[in-house]
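Take a look at the letters that make up each chain.
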Amino acid sequence: MQSSFGFFFVMRFILCGLLIIAVGIESAMWHKFPHIGGNPEKETTDLNTRLPNHTVPLNYEIVLDTTYNEDTASFFGHVSVDLKVLEDTPFIVLHACDLKIYTAVTINGTRIVDGLIFEYDRPRCLLTLGSSSGKSFNKDVPMKVHIMYEGSYHTDRGIVMLKYQDIDGKDRRLAFSRFEPTYARYAFPCYDEPNKQATFKLTLRHSPEVKAISNTPMDKENSTLIETAFQRTDKISPHMLGFFLSQFKYMEGNLYGMKQRVFSNNGEQFPLIHAIKLTKRIAGYFFSPFMLPKLDHIILPTSIEKAELGILTYSQEEVLLTKSTANTEAWTNLFLRIAHGISHQYFGGYVSVKWWSYIWLTEGFATLFSYMGVDMLFPHWDIWQYFHIEVYNRALLIDASDNARPLTYNVEENQEINALYDNVTRLKGASVLNMWKHALTQELFRESILKYSRVNQFNATSEEDLFAAIQSVVDKRKFDLAVPIADMFASWTQQGGYPLITVTRNYEDGCFTVSQEAFTTNTKTNFKKLWFIPFNYVIQSKPDFRDTKATHYLLNETSVQICENIPQNDWLILNKQSTGYYRINYDERNWKLITEELRSNPYKIHSLNRAQLLSDAFHLWKANHIDDMIHRSMLIYIRQEAEYAPLSTFKEILQYYRYKANSDEDFTNFMQYITRPIYEKLGVNESPTDMHADRLKRPIVIHVACMFKMPQCLQDTRAKLQESLVHNTPIEVNLQSQVYCFGMKEAAHQMLANISDRLSATSDKSEIYLYNLALKCAKSDDVDF
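Residues numbered from 1 in each chain as written. Predicted model: local features only at pLDDT ≥ 70, side-chain atom pairs only at ≥ 80, totals over all residues. Heavy atoms only, no water.

Chemist: Help me get a handle on helix α17 (residues 665–682), residues and values and all.
Modeler: In a regular helix each residue adds 1.5 Å, so 18 residues correspond to 26 Å; α17 covers 25 Å between its end C-alpha atoms and thus fits that length. At T675, α17 shows its largest bend, some 45°, and a proline, P677, comes one to four positions later. What α17 keeps buried is the set F667, T668, F670, M671, Q672, I674, T675, I678, Y679 and L682. Against α14 (628–636), α15 (644–655), α16 (660–663), α18 (692–707) and α19 (711–727) lie the buried residues of α17. The N-terminus of α17 is capped by D664, whose side-chain oxygen sits 3.2 Å from the backbone nitrogen of D666. Once α17 ends, the next one or two residues include G683, with phi positive near 65°. (Helix = DSSP H or I, 4+ residues; strand = E, 2+ residues; numbered from the N terminus. Expected span 1.5 Å × (residues − 1). Bend = angle between axes of the 7 residues up to and from the residue. Buried < 20%, exposed > 50% of the residue type's maximum accessible area, 1.4 Å probe, protein only. Contact = heavy atoms within 4.5 Å. Polar contact = N/O pair within 3.5 Å; in protein donor to acceptor, adjacent residues only side chain to side chain.)

What follows is the structure in structure tokens.
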């Protein structure tokens, strides 16, 4: 077997000679190529880094010499790119950043066809190649360009090298790729744009003790102890190429015929069986086996986020979870994180985007599908209540500013591209997709996503491709839509913010009017924006919140009237299960009818609607849309609440009133009155029969009750903390922060001294956090945790 690095060194010898010849002819060629020539590193003030569309890549063959030790700062590599010339051009332009180019030639097999002269525009990371013969590259003539170069390891991009200590305390190093969004150019010359997709054949040279993995399984025939070759990938974007080199150990699982491995330094615990099951559930949504032959999970000693085809990474802090040290929220977030990475295999790997302006298609879908995957695996978790708090409500808060940007947002420079990886992209993207999933029905949405993914498999898309897929299914099913889906959907992706819907009822004739305006936290701003708004509604005499399909639309107009003989004493609530991405205001009488029902029979209204009614009333009051009494009246019903999403919303609202816990005795008494029944029901001790949601709710209730100095709460937390300090009685991990903080509010001097002594004696990070929290809470009433 001939090693590819044997070829590498032969080529290096030949190409170095050719470089001497090329340098000799550069000056003669300069007048023929104004774009390239004798200045190998060009300085420029134009930071547009987009590539011309003269050529596109078809396949890369990359060999990287990644052999490293404590003195290594750089790596060597060579890349061969098969190109398609789309139009006659005198030059080829690729991305290359912080790379030292030695030689560039066109080749046919192992035979050099032509030497290339090059110009390196370092600020823009552009490498321009021209033929030493002065000829143009002709349309439709097959080409292979071969480049030899040297690059540097980095700590956050390109090929990352990190130092760590193994389980025996010995210093080690590892290296891995971090190419998303525009960092592949730091590892090899390439067309580093998401729509410039190609296949990749990667070979890594490394020390014998190092294990190398990449997107695809090992190509055993062409691998040796010091050189690992990998099977060719499908057509993917450069940022989805990935690899990892380390001396990590791994555990392996194989279920449903698919191999998954977990690589870690110290054998960190990882729920591999659940990761495999999540993969199966998400793949099942697409009615097919998982699209890859393997999936690797890597636990890194860093918080760098990345997801590549067939490779998912996590930080040690994310996965160092045991039943004795990790709370329910941390476990929930870990499973969502795993599901998010698996979802990225479909949205980002299987289907990429034509440009970063549409990155919400990958990030929004991956966020939504992470919740869908967890819901399919753990239906008893009721994960959509968590989605409502962590995704939907957070998106509404972020998206209410005057300068809220659209989901589809034109970017060019790398700094702008990086800025798109934010919570607007992830949270709003997921919320808008979830709205249409319900408005169009989950069945139609699923068929549309199948169409979108299969038509565009291993290809690059824009939002228009998604709209076209949905429209084709709408047409096929003869689904009743008065306006093309592209017009409706684009009103949510191409403008920032979201609407405030106002419902005004005519109690005499049973009609009601739905009007819209842009919602903003700045009451002086008046945006002239309109949306195509899907909605439905439910009334008191028919309180069925199950069917979330849109029954009506506000079609890019300011208002619409609905006349369906609603009884005048019935409450009316828009937006079943709060799936529509907007806030809702009602006339005063309807608000009163709703609050009366919440006080007398709250469970007649869906828990997600109860949560959003609380949130809307609070934020509408803050923005001067409703009277304070409506907001206060909504709070009172909480005495009878027992669900996570409304209680979490209640806690977030009360953060606004924290200062009143010390300055307003009447308000403090009011909060104690509201919270007492819930606290007395849940208490400060977990039960073996607690459900997942119970373990999320109890810390919220303790926090609120103790924050407003309910005597029983302060007494119970102090007693629980004292029992732990004196008798080493363990405190449930979900309740530790609350007990350590509020248990210290009226602590005796001896308890303070005990905590201080323990803080001095421990090196455990979780204990240090709890002891510091206890000491801060003993001194201040305004501590966040």
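Chemist: Lay out the packing of aromatic side chains in plain terms, naming residues and giving numbers.
Modeler: Taken as a whole and assessed by the stated rule, the structure comprises 55 aromatic pairs. Here W436 and F489 contribute two aromatic rings whose centre-to-centre distance is 5.5 Å and whose plane-to-plane angle is 20°, an arrangement assigned as stacked. In this pair, W436 sits in helix α8 (residues 423–439) while F489 sits in helix α11 (residues 485–493), placing the two residues 53 residues apart along the sequence. Residue classification places F489 among the buried residues on the basis of a relative accessible area of 0%. In this structure, R446 is placed above the aromatic ring of Y285, and the distance from its NZ or CZ to the ring centre is 4.8 Å. (Phe/Tyr/Trp six-rings, centres within 6.5 Å; stacked < 30°, edge-to-face > 60°. Lys NZ or Arg CZ within 6 Å of the ring centre and 35° of its normal.)

Chemist: Explain the environment of G341 to me, using residue names and the numbers behind them.
Modeler: Tracing the sequence through the fold places G341 in helix α4 (residues 328–346). Note: C-alpha distance between G341 and G310 (31 residues apart in sequence) is 9.5 Å.

Chemist: Describe the state of the cysteines, listing the residues and the values that go with them.
Modeler: Going through the model one piece at a time under the given rule, you end up with 4 disulfides. A disulfide bridge connects C97 with C125, and the sulfur atoms are separated by 2.0 Å. Placement of C97 in the loop between β4 (92–95) and β5 (99–108) and of C125 in the loop between β6 (111–121) and β7 (126–131) is noted, with a sequence separation of 28 residues between them. Here the two residues C97 and C125 agree in accessibility, since each one is buried. The partner cysteine of C741 in its disulfide is C777, sulfur to sulfur 1.9 Å. What sets the handedness of the C741 and C777 disulfide is the S-S torsion sign, and at about -95° it is left-handed. Taken as a pair, C741 in helix α20 (residues 736–742) and C777 in helix α22 (residues 765–779) lie far apart in primary sequence, 36 residues in all. With relative accessibility at 2%, the residue C741 sits in the buried group. Owing to a relative accessible area of 2%, C777 belongs among the buried residues under this scheme. (Disulfide = S-S within 2.5 Å.)

Chemist: Mind laying out α14, listing which residues take part and the relevant values?
Modeler: Along α14, the residues that are buried comprise I630, H631, S633, M634 and L635. The inward-facing, buried residues of α14 abut α12 (588–600), α13 (607–622), α15 and α17. Between a side-chain oxygen at the N-terminus of α14 and the backbone nitrogen of M629 the separation is 2.8 Å; the capping residue is D627.

Chemist: Which residues make up the pairing of strand β16 (residues 258–264), and what values go with them?
Modeler: Buried residues dominate β16, accounting for 6 of its 7 residues. With 7 bridges joining them, strand β15 (residues 249–255) and β16 adopt antiparallel strand pairing. Residue pairing in the sheet places E252 in a bridge with R261 of β16. Counting the residues between successive antiparallel strands, the hairpin from β15 to β16 contains 2 residues, one of them, Y256, with a positive phi of roughly 60°. Considered for its hand, the β-α-β crossover made up of β16, helix α2 (residues 272–285) and strand β17 (residues 294–300) is left-handed. (Pairing = 2+ DSSP bridges. Right-handed = clockwise from strand over helix to strand, strands pointing away.)

Chemist: Any details on the layout of surface pockets? Residues and values, ideally.
Modeler: A volume near 900 Å³ is recorded for the second largest pocket. If you go around the second largest pocket, you meet 31 residues; those closest to its centre are E305, R337, H340, T367 and R426. Counting residues per element, the ones that place at least two in the lining of the second largest pocket are α3 (316–319), α4, α5 (360–377), α6 (383–398) and α8. Ranked by residue count, the leading element in the lining of the second largest pocket is α4, at 8 residues. For the lining of the second largest pocket, the two domains that each supply at least three residues are domain 1 (50–247) and domain 2 (347–494). (1 Å grid on protein atoms, 1.4 Å probe; cavity = no way out; pocket = protein on both sides within 12 Å on 5 of 7 lines; lining within 4 Å. Points joined across faces, edges and corners; volume = space filled by probe spheres on them. Domains from an automatic or database assignment.)

Chemist: Pulling in residues and values, what's your account of the domain arrangement of the chain?
Modeler: Segmenting the chain into domains produces domain 1 (50–247) and domain 2 (347–494). Taking only C-alpha atoms into account, the centre of domain 1 sits 32 Å from that of domain 2. Contact residues are listed per partner, giving 16 residues for domain 1 and 16 residues for domain 2. For the pair domain 1 and domain 2, the two sides together bury roughly 1,400 Å², of which 55% comes from carbon and sulfur. Broken down residue by residue, the surface that domain 1 buries against domain 2 is led by R50, P181 and P194, which jointly contribute 36%. Where domain 1 meets domain 2, there are 1 salt bridge. Across the domain 1-domain 2 interface, the total number found is 5 residue pairs in polar contact (both at pLDDT 80 or more). Across the side of domain 1 that touches domain 2, the residue classes break down as 5 nonpolar, 5 polar and 6 charged. (Buried area = accessible area lost by both parts, 1.4 Å probe. Salt bridge = Lys/Arg side-chain N within 4 Å of Asp/Glu carboxyl O. Nonpolar A, V, L, I, M, F, W, Y, C, P; charged D, E, K, R; others polar.)

Chemist: Residue-level account of the packing of α2 against α4, with values.
Modeler: For the pair α2 and α4, the least separation of the axes is 10 Å and the interaxial angle reads 45°. Taken together, α2 and α4 sit at an angle that is classed as oblique. As α2 packs across α4, the resulting crossing turns out to be right-handed. Between α2 and α4, the contacting residues are H274, A275, L278, T279, I282 and A283 on the first element and F335, I338, A339, I342, S343 and Y346 on the second. Among the residues forming the contact of α2 with α4, the class breakdown is 9 nonpolar, 3 polar and no charged. (Axes fitted to C-alpha atoms, helices over the stretch in contact; angles between N-to-C directions. Parallel < 35°, antiparallel > 145°, perpendicular 65-115°, else oblique. Left-handed = near helix turned anticlockwise from the far one by under 90°.)

Chemist: Tell me what's going on with the sheet that holds strand β14 (residues 243–246), and back it up with residues and numbers.
Modeler: Overall, antiparallel pairing links the 4 strands, which are arranged β9-β10-β14-β12 in an open sheet. For this open sheet the edge positions go to β9 (158–165) and β12 (211–214), each flanked by a neighbour on one side alone. Within the sheet, the average angular offset between the axes of one strand and its neighbour, ignoring direction, is 15°. Pairing geometry for β12 and β14, over 4 bridges, is antiparallel. Note that in β14 the partner of I213 across the bridge is F244.

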